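So the chains spell out like this:
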Amino acid sequence: MEKPNAAVIKEYLDTICYIQCAISDIGNAIDSAYMAKQEILTISLFKNALLFAWERYGYGNHGDFDTSGDYGMGYLLFELKVTENFELLLAILKHKSPFKVFEENGHITNGLIELFTKLYEEMKAQRSER
């Protein structure tokens, strides 16, 4: 896979934000805000991975998308264990993707697996060069 262009990463970020809003709306509608909040937090890990990709590929920094102040601390915590977080996210996507109910033909799941695998392999290669 080639380096993904900025539009691809932004599209995934926009999609995840849309899904988080939908989950919140559903949670409020069925009086299950706590469960919705838990799912939104899980999905935020995927958003942080995309923000990492945005920075790594030189498109800007994670603050480019900070419209509500929710990226800062979560993103910094994600960065502390970035390799382990990508391993976790890839395992989640491959075994029980939280996006399955929101997608057709695995478009989101498969695209994120491809993008995250590329990033993960790049990080491993860079680490072995040291």
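Further up the page is the structure itself.
Since the structure is predicted, the reported quantities are computational estimates derived from the model, not experimental observations.

> Break down the overall build of the protein for me, with residues and values.
Helix and strand content of the protein: 5 helices and 0 strands. Helices and strands appear in the protein in the N-to-C order α-α-α-α-α. Taken along the three principal axes of its C-alpha coordinates, the protein extends 50 × 30 × 25 Å. Within the span of the protein, comprising 130 residues, buried residues form 38% of the whole. Of the roughly 7,800 Å² of accessible surface on the protein, a fraction of 54% belongs to carbon and sulfur atoms.

> Help me get a handle on the packing of helix α4 (residues 82-96) against helix α5 (residues 107-129), residues and values and all.
Contact geometry of α4 with α5 gives a least axis separation of 10 Å together with a crossing angle of 150 degrees. Considered as vectors, α4 and α5 are oriented roughly antiparallel to each other. Where α4 crosses over α5, the handedness of that crossing is left-handed. Contacts between α4 and α5 pair Val 82, Thr 83, Phe 86, Glu 87, Leu 89, Leu 90, Leu 93 and Lys 94 from the former with Thr 109, Leu 112, Ile 113, Phe 116, Thr 117, Leu 119, Tyr 120, Met 123 and Arg 127 from the latter. Residues of the contact of α4 with α5, tallied by class, amount to 11 nonpolar, 3 polar and 3 charged.

Reading the values: rules and limits
Along each chain, residue indices are assigned from 1 in the same order as the chain's sequence is written. pLDDT decides what is reported in this predicted model: residues at 70 or higher carry local features, side-chain atom pairs at 80 or more are listed and counted, and totals for whole chains, interfaces and linings draw on all residues regardless. Computation of side-chain values: all heavy atoms of the structure, hydrogens and water removed. Every helix listed is a DSSP run of H or I at least four residues long, and every strand listed is a run of E at least two residues long, numbered separately from the N terminus. Type-normalised accessible area, obtained with a 1.4 Å probe on protein chains alone, sets the label of each residue: buried when under 20%, exposed when over 50%, and partly exposed for intermediate values. Areas reported as accessible are Shrake-Rupley estimates using a 1.4 Å probe. Residue values count occlusion only from the protein chains shown. Structural elements are reduced to axes, namely lines fitted to C-alpha atoms, with helices fitted over the stretch in contact, and the angle between N-to-C directions of any two is expressed from 0 to 180 degrees. If an angle is under 35 degrees, it is roughly parallel; if it is over 145, roughly antiparallel; if it lies from 65 to 115, roughly perpendicular; otherwise it is oblique. With the far helix as reference, a near helix turned anticlockwise by less than a right angle produces a left-handed crossing, and one turned clockwise produces a right-handed crossing. In what follows, a contact means two residues having at least one pair of non-hydrogen atoms within 4.5 Å. We call Asp, Glu, Lys and Arg charged. Ala, Val, Leu, Ile, Met, Phe, Trp, Tyr, Cys and Pro are nonpolar, and the rest, Gly among them, are polar.

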